[in-house]
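Results of the structural survey
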Amino acid sequence: MKLHSFGARGSLPSPSTRDFNTSIYGGNTTCYYLEAGPFRIIIDMGSGARPLGNYLMKEGEIGKSFIFLLTHYHSDHIQGIGFCVPFYIKENTFYIHGFTPEGRENVDPLKNVVLQALEEQQASPYFPVPHGLLPANKKYRAHNRMFSEVFYYVVNGEDYVYKPLADIEDPENYALKEIIKITTVPLHHPNGCLGYRVDYMGSSIAFCTDNEPFAFTNNKINTLCKDVDLIVLDGQYTAEQLAGLTQTFGHGNPELCVDQAVACGAKSLLITHMDPGHDDVKVAEMEKKCIEYFTKKKAKILNNVEFVKEGDSWQIS
Ligand SMILES: [Zn+2]
Ligand SMILES: [Zn+2]
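Here the residue numbering is sequential within each chain, running from 1 through the sequence in written order. Following the order in which they are written, the chains are lettered starting with A and the ligands numbered starting with 1. It should be noted that, the model being predicted, local features are given only for residues of pLDDT at least 70 and side-chain atom pairs only at 80 or more, the latter also being counted only at that level, while totals for whole chains, interfaces and linings use all residues.

Some details on unusual backbone geometry
- Following Ser124, the chain continues to Pro125 via a peptide bond in cis, the omega torsion being 10 degrees.
- With respect to the helices and strands, the residue Pro125 is situated in the loop between helix 3 (113-121) and strand 6 (137-143).
- Put simply, Thr209 and Asp210 share a cis peptide bond, and its omega is -5 degrees.
- With respect to the secondary-structure elements, Asp210 resides in the loop between strand 11 (203-208) and helix 4 (219-224).
- A positive phi angle, near 65 degrees, is found at His273, a position not held by glycine. Numbered from the N terminus, helices here are DSSP runs of H or I no shorter than four residues, and strands are runs of E no shorter than two.

Following this line, the structure appears as structure tokens:
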């Protein structure tokens, strides 16, 4: 699998200005792209969805299917949807996964809650193109935000077929490269949030932002992300910030991310969701402190810790 970062900023885009440089770590909000054999997976569409869309167009990805895993509906994770060119190509298909927001559990099942949440951000007068009118073919699925669910996609020609766990008798009945397993990971964040673990051909990656650990680590992450090759975690604040005003905002700090990655036995850790008030100098300082903390910890399995820089890629084999 190959993971690409198109946006690692949290909360709000933070472009460089004359006296506030963010050009190294990047200013676009959360957007990642995962290539796994024939599977194209998008994780969140913050403002990084615009450069992602341009990248996909340059790669000639037209008439293709995409699995779009949405962590939650906060604006920094969905604000780029209307600016992502592949959504305007009618030959493309997006399989969009989100969760049923709190208070909408009893909504008419015919009214798709994921579509409804996305329609709201693109409703008049806030955006000129209603979400439902984006020309690409779109299919939506809502998961439970409190409990983990497992589902699969299998290759079907140029397209994919969604298979809930109950429909898969034995994953080994499929050719290894034609099936991908996805597990949702309930996170601790205001209004709810889902992390995702992706397993493909013996490799695994977990993506768990936005999350504020209840205490030391998150038990659901420990269990569901056990022994992953790579985990992406939310280290927005410094330890001092997290102990103060920003507590309960739903984010972590880099040292807690290291503890979390060690607790679940991850081999590699990427820290994401940088604070819009932290310029490159501040983020580099946080990264240095975090690596010192990691080095002192002498972890046995975890062997790499780094902060995500927009535009970087990682090969996970
Ligand atoms: Zn966020
Ligand atoms: Zn959020």
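Still more ground to cover, so stick around.
Here we look at the nonpolar core
- Among the nonpolar cores identified, the biggest contains 77 residues, and Leu34, Cys208, Cys225, Ile231 and Leu269 are the most heavily contacted of them.
- The dominant element in this core, judged by the number of residues it contributes, is strand 2 (residues 31-36), at five residues.
- Residues within four places of Cys208 in sequence aside, it is in contact with Val185, Leu187, Gly195, Ile221, Cys225, Ile231, Val232 and Leu233. Definition of nonpolar core: a set of buried Ala, Val, Leu, Ile, Met, Phe, Trp, Tyr and Cys residues joined via C-beta atoms within 7 Å. Here exposure depends only on C-beta density: within 10 Å of a residue's C-beta, 20 or more other C-beta atoms make it buried, 12 or fewer make it exposed, and intermediate numbers make it partly exposed, the C-beta atoms being placed from the backbone. In this description, a residue-residue contact is defined by the distance between C-beta atoms placed from the backbone, which must lie within 7 Å.

Thoughts on the packing of helix 6 (residues 254-263) against helix 7 (residues 280-297)
- Think of each axis as a best-fit line through the C-alpha atoms, taken over the contacting stretch in the case of a helix, with angles from 0 to 180 degrees between the N-to-C directions. Running from N to C, helix 6 and helix 7 cross one another at 35 degrees; their axes reach a closest spacing of 9 Å. For helix 6 against helix 7, the interelement crossing comes out right-handed. Facing helix 6, whose interface residues are Pro254, Glu255, Val258 and Val262, helix 7 presents Met286, Cys290, Tyr293, Phe294 and Lys297.
- In this classification, the charged set is Asp, Glu, Lys and Arg, the nonpolar set is Ala, Val, Leu, Ile, Met, Phe, Trp, Tyr, Cys and Pro, and all remaining amino acids, among them Gly, are polar. Partitioning the contact of helix 6 with helix 7 into residue classes produces seven nonpolar, no polar and two charged. In this scheme the handedness of a crossing depends on how the near helix is turned from the far one: anticlockwise by less than a right angle means left-handed, clockwise means right-handed.

Focus on the sheet that holds strand 9 (residues 179-186)
- On the basis of which strands lie adjacent, the open sheet formed by eight strands has the order 8-7-9-10-11-12-13-14 and mixed pairing. Each edge of the open sheet is held by one strand with a lone partner, namely strand 8 (159-164) and strand 14 (304-307). Averaged over all pairs of adjacent strands, the angle between strand axes in this sheet comes to 20 degrees, irrespective of strand direction.
- A pair of strands is treated as paired once DSSP finds two or more bridges between them. Bridge analysis of strand 13 (residues 268-272) against strand 14 gives four bridges, and the strand direction is parallel. Its bridge partner being in strand 14, Leu270 is matched across the sheet by Glu306.
- Docked against the sheet, helix 7 engages strand 13 and strand 14, running at close to 165 degrees with respect to strand 14.

Remarks on the environment of Met286
- Within the element layout of this structure, Met286 appears in helix 7.
- Sequence spacing of Met286 and Tyr237 is 49 residues, and the spatial spacing of their C-alpha atoms is 9.0 Å.
- Non-local contacts of Met286, meaning those with residues more than four positions away in its chain, are made with Thr238 and Pro254.

Digging into the environment of Ser317
- With respect to the helices, strands and loops of the structure, Ser317 is situated in the segment after strand 15 (313-315).
- A count of 8 C-beta atoms within 10 Å places Ser317 in the exposed class.
- Between the C-alpha atom of Ser317 and that of Tyr200, which follows or precedes it by 117 residues, the distance is 9.4 Å.

As for helix 1 (residues 49-58)
- Of the residues making up helix 1, those classed as buried are Ala49, Arg50, Leu52, Gly53 and Leu56. The buried residues of helix 1 occupy an angular sector of 160 degrees when the element is viewed end-on, so they sit on one face.
- Close packing links the buried residues of helix 1 with strand 1 (2-7), strand 2 and strand 3 (39-43).
- Positioned one or two residues after helix 1, Gly60 has a phi angle of 75 degrees, which is positive. The arc in question is formed by the directions pointing from the helix axis toward the C-beta atoms.

It is worth stressing that arrangement in space is one thing and function is another; only the former is reported here.
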